[in-house]
Amino acid sequence: MMSFFTENTAEILLKTWEHLYISFIAILIGTLLAVPLGILLSKTKKITKIVLTITSMLQTVPSLALLAIMIPFLGVGKTPAIIALCIYSLLPILNNTFTGMQSVNENVKAAGRAMGMTPAQSLRMVELPLAMPIIMSGIRLSAVYVISWATLASYIGAGGLGDYIFNGLNLFKIDLIVGGAIVVTLLALVVDFLLSRVERSMIPKGLRIQGGRSS
Amino acid sequence: MLHIEKLKKVYRGGKIAVDDLTLDIQKGEFIAFIGTSGSGKTTALRMLNRMVEPTSGTVTINGKDMMKINPVTLRRSIGYVIQQIGLMPHMTIRDNITLVPRLLQWQKEKSEATARHLISLVNLPESYLDYYPSQLSGGQQQRIGVIRALAAEQDIILMDEPFGALDPITRDTLQDLIKELQRNLNKTIIFVTHDMDEAIKLADKIAIMHEGKLIQFDTPDNILANPINNFVKEFIGSHRLIQQKPNFKTVDEVMIKAISITIERSLDEAIRLMVKSRVDTLFVTDGDNRLLGYLNVESLTGDARSKKSVSEVYIKDIVYMKTGSKLQDSVRRILKRNLNNIPVVDNQNRLIGLITRANIVDIVYETIWGDEEQELKDS
Ligand SMILES: Nc1ncnc2c1ncn2[C@@H]1O[C@H](COP(=O)(O)OP(=O)(O)OP(=O)(O)O)[C@@H](O)[C@H]1O
Ligand SMILES: [Mg+2]
């Protein structure tokens, strides 16, 4: 088992990089799509249900099937993998953005409006800062999902740590499967930990201090 | 300066929240909207800064049709104290106070100076500017909510139950504070409350609302003397109607002479004066008879025995009444704060008299039994 790590160190690092790269781009695009959409949804309550239903339906399409569907349209390689992962990352971020925006106290929003904030100012100065911790925890959840699902991207030739697992399955080499799985899991844990730190730093200071006058 | 004509709000679903509201408000007036829950007070108030768009009717501000002013500009020019405080939890007290100045892109130095000035007006230390709302008590937060509405030097301030959910003493203090601010800064304040005592104490004119309609709009004295119908009579409450007589009396009519001592005197002299006049409190004044504080028996015991002069031990924190105030207000203050007496000062803060609990007993006695005695004599 150890030999897997010692003999392939350089390659493992390369594939880890590839894996991270695919995941990162997918989450980035997912965030850029889902956060504005979530904000929009929280403002126009009518279509909210429809959109959330569609995205949660997308979520239930089996991952391998979704990847396979991509092939006729986009061929193989990194692009279809990133698009598929991106679709998966949407729902948690969308959901949390919506919930986060809804959780902002009505009275605080009304106060902002009464002081003469424009809708854009209210969003930037009040709603987003207060919703940010919840949005960030959606991004973190998505990141962990996407990193583990990115393993499957290897199936359509996108590379990444999934290569070890699929090779292992084809060649009946247990240490490839286990080794690949260990690295993916570690990666997910590390990213989760790092993002949890980011999430905490996003909680506005005024909400972290509760009572007590020592600051 | 504010002319409201046939203002009406029908909410979606057909609820008529405000119906044909017509009234005029002059500059510098303190107006209280009062009424049962759901009578349309908040809706009426919010139509004045277009937080709620009127269904019909007009509001004219300084001769200008409000509907022609951009709502964002309008709101930045009118102070608003929202029901339940509504401070921004993620902003420091400084940023909360200077919210409107920042929206108006004032110079940083000017905003900062405003924040310092305003926080001193409500007797909080400047160090609080760096705190967050969650670090302040309810009463302190409420004070910030009030000064936030003054920060951009707005002439008109709307307040929606700004002192709800406060203990009576804090409430009383804040009421005094806002009344003083309003007088000194000559602000026009429109105030929503469902507390009749608060309305009588603060307002120049009271607007009584019921089911969206304005029932009576007049000065507190006129409303107490001539309630327009049974609804208003019931709303005021019979206990207040009985109090009518002392209502019209001012503190000047019943106050007695206050025993005072000037600040540079020695404690020995103070004690001798107390014994001689048979009082337990001396009011401390400066050479011009201006009230500085007081001295009582307790302040002469303990530590104080090593001190020599009045200036070292007198207590600066003192509650007083201005000349011309209603007697009823002094009664309320004495009872609420559990004082034994309350000094009266003139406009230059010179001590001119004293209201004591014994005074009040006399007045109450006169009000309740006076008529009967008169009748006995007559018959
Ligand atoms: N956004 C809204 N949509 C529909 N109806 C509303 C809305 N806001 C208020 N109302 C209704 O309009 C009426 C007046 O409400 P408003 O809030 O002005 O009363 P209020 O006098 O301020 O009451 P309170 O003393 O409880 O604050 C109520 O019957 C209320 O239910
Ligand atoms: Mg209300």
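Residues numbered from 1 in each chain as written. Chains lettered and ligands numbered in written order. Predicted model: local features only at pLDDT ≥ 70, side-chain atom pairs only at ≥ 80, totals over all residues. Heavy atoms only, no water.

## Topic: the overall build of chain A
Within chain A, the secondary structure is distributed over 10 helices and zero strands. Referenced to the eigenvectors of the C-alpha coordinate spread, the extents of chain A come out at roughly 65 × 50 × 20 Å. Across the 215 residues of chain A, 47% fall into the buried class. By sequence separation, contacts in chain A at least 24 residues apart represent 77% of the contacts at least 6 residues apart. For chain A, the exposed surface amounts to about 11,100 Å²; the carbon and sulfur share of it is 71%. (Helix = DSSP H or I, 4+ residues; strand = E, 2+ residues; numbered from the N terminus. Buried < 20%, exposed > 50% of the residue type's maximum accessible area, 1.4 Å probe, protein only. Contact = heavy atoms within 4.5 Å. Areas by Shrake-Rupley, 256 points an atom, 1.4 Å probe, with all protein chains shown as cover.)

## Regarding the packing of aromatic side chains
Considering all chains together, one arrives at 10 aromatic pairs over all chains under this definition. With centroids separated by 4.6 Å and ring planes inclined at 50°, the aromatic side chains of A:Tyr88 and A:Trp149 adopt a geometry described as tilted. Highlighted residues: A:Tyr88 in helix α5 (residues 78-103) and A:Trp149 in helix α7 (residues 119-149), separated in sequence by 61 residues. In this structure A:Trp149 comes out as partly exposed when scored by relative accessible area, which is 24%. What links up through ring pairs into an aromatic cluster is the set A:Phe4, A:Phe5 and A:Tyr164. Here the basic side chain of B:Lys110 rests over the ring of B:Trp106, its NZ or CZ set 4.0 Å away from the ring centre. (Phe/Tyr/Trp six-rings, centres within 6.5 Å; stacked < 30°, edge-to-face > 60°. Lys NZ or Arg CZ within 6 Å of the ring centre and 35° of its normal.)

## Describing unusual backbone geometry
A positive phi is found at B:Gln84, a non-glycine position, where the angle reads about 60°. Of note, B:Arg278 is a non-glycine position whose phi angle comes to about 55°, a positive value.

## Brief notes about the side chain of B:Ser111
Residues and elements named next belong to chain B. Counting through the fold element by element, serine 111 comes out in helix α5 (residues 108-121). Take serine 111: its relative accessible area is 6%, and that puts it in the buried class. When residues no more than four places from it in sequence are discounted, the contact partners of serine 111 are Thr98, Pro101 and Trp106.

## Topic: the interface of chain A and chain B
Taken together, the contact pairs 26 residues of chain A with 30 residues of chain B. Counting the surface lost from both chain A and chain B, the interface buries some 2,400 Å², and carbon and sulfur atoms represent 61% of this. Applying the counting criterion to the chain A and chain B interface returns seven residue pairs in polar contact (both at pLDDT 80 or more). Looking at the side of chain A that touches chain B, the elements with two or more residues in it are α6 (106-114), α7 and α10 (205-208) of chain A. (Buried area = accessible area lost by both parts, 1.4 Å probe. Polar contact = N/O pair within 3.5 Å; in protein donor to acceptor, adjacent residues only side chain to side chain.)

## Overview of the domain arrangement of chain B
Residue and element names in this part refer to chain B. Per the domain assignment, the segments making up chain B are domain 1 (2-237) and domain 2 (251-362). On a C-alpha basis, the centroid separation for the pair domain 1 and domain 2 is 35 Å. With both chains or domains summed, domain 1 and domain 2 bury close to 820 Å², and 40% of this area falls on carbon and sulfur atoms. At the surface where domain 1 touches domain 2, the tally comes to four salt bridges. Of the charged contacts in the structure, one is a salt bridge between aspartate 221 and lysine 326, with a shortest N-O distance of 3.9 Å. Elements with a contribution of two residues or more to the side of domain 1 that touches domain 2: α7 (168-185) and α8 (196-202). When residues of the side of domain 1 that touches domain 2 are assigned to their parent elements, the largest contribution, five residues, is made by α7. Across the side of domain 1 that touches domain 2, the residue classes tally to three nonpolar, one polar and five charged. (Domains from an automatic or database assignment. Salt bridge = Lys/Arg side-chain N within 4 Å of Asp/Glu carboxyl O. Nonpolar A, V, L, I, M, F, W, Y, C, P; charged D, E, K, R; others polar.)

## Here we look at the pairing of strand β16 (residues 351-356) of chain B
All names here are of chain B. When you tally the buried positions in β16, you get five out of six residues, the bulk of the element. Two elements, strand β15 (residues 341-345) and β16, share five bridges in a ladder whose sense is antiparallel. Across the sheet, residue valine 344 finds its bridge partner in β16, namely glycine 353. Here β15 hands over to β16 after five residues, with asparagine 349 in that stretch at a positive phi of 70°. (Pairing = 2+ DSSP bridges.)

## Things to note about the sheet that holds β16(B)
Residue and element names in this part refer to chain B. In space, the three strands of this open sheet follow the order β14-β15-β16, with mixed pairing throughout. Lying at the two open borders of the sheet, with one neighbouring strand each, are β14 (321-322) and β16. Taken strand by strand, helix α16 (residues 327-336) contacts β14, β15 and β16, and its axis lies near 140° from that of β15. (Axes fitted to C-alpha atoms, helices over the stretch in contact; angles between N-to-C directions.)

## Description of the nonpolar core
Ranked by internal contacts, the top residues of the largest apolar core, which has 91 residues, are B:Leu21, B:Phe33 and B:Ile190. Counting residues per element, this core draws most heavily on α5(A), which supplies 11 residues. In this structure, B:Phe33 is in contact with B:Leu21, B:Leu23, B:Lys41, B:Ala44, B:Ile190, B:Phe191, B:Val192, B:Thr193, B:Ala207 and B:Met209, ignoring residues within four places of it in sequence. Among the nonpolar cores identified, the runner-up in size contains 45 residues, and B:Val146, B:Leu177, B:Ile206 and B:Leu224 belong to it. (Core = buried A, V, L, I, M, F, W, Y, C linked by side-chain atoms within 4.5 Å.)

## Notes on the packing of helix α6 (residues 138-148) of chain B against α7(B)
Residue and element names in this part refer to chain B. It is the contact of α6 with α7, at a shortest axis distance of 11 Å, that shows an interaxial angle of 20°. In terms of orientation, α6 lies roughly parallel with respect to α7. Read as a crossing pair, α6 and α7 show a hand that is right-handed. For the pair formed by α6 and α7, the contact residues are Gly139, Gln142, Arg143 and Val146 on the first element and Thr170, Leu174 and Ile178 on the second. The class makeup of the residues in the contact of α6 with α7 is three nonpolar, three polar and one charged. (Parallel < 35°, antiparallel > 145°, perpendicular 65-115°, else oblique. Left-handed = near helix turned anticlockwise from the far one by under 90°.)

## Quick notes on the site of ligand 1
All names here are of chain B. The full set close to ligand 1 counts 13 residues, and Ser37, Gly38, Lys41, Thr42 and Thr43 are the nearest of them. Take serine 37: an N or O atom from its side chain is 2.5 Å from an oxygen atom of ligand 1. In the environment of ligand 1, an oxygen atom lies 2.5 Å from a nitrogen or oxygen atom belonging to the side chain of threonine 43. Isolated, ligand 1 exposes 640 Å² of accessible area, and the fraction of that covered by the protein chains is 63%. Broken down by class, the residue content of the shell around ligand 1 amounts to two nonpolar, eight polar and three charged. (Near = heavy atom within 4 Å.)

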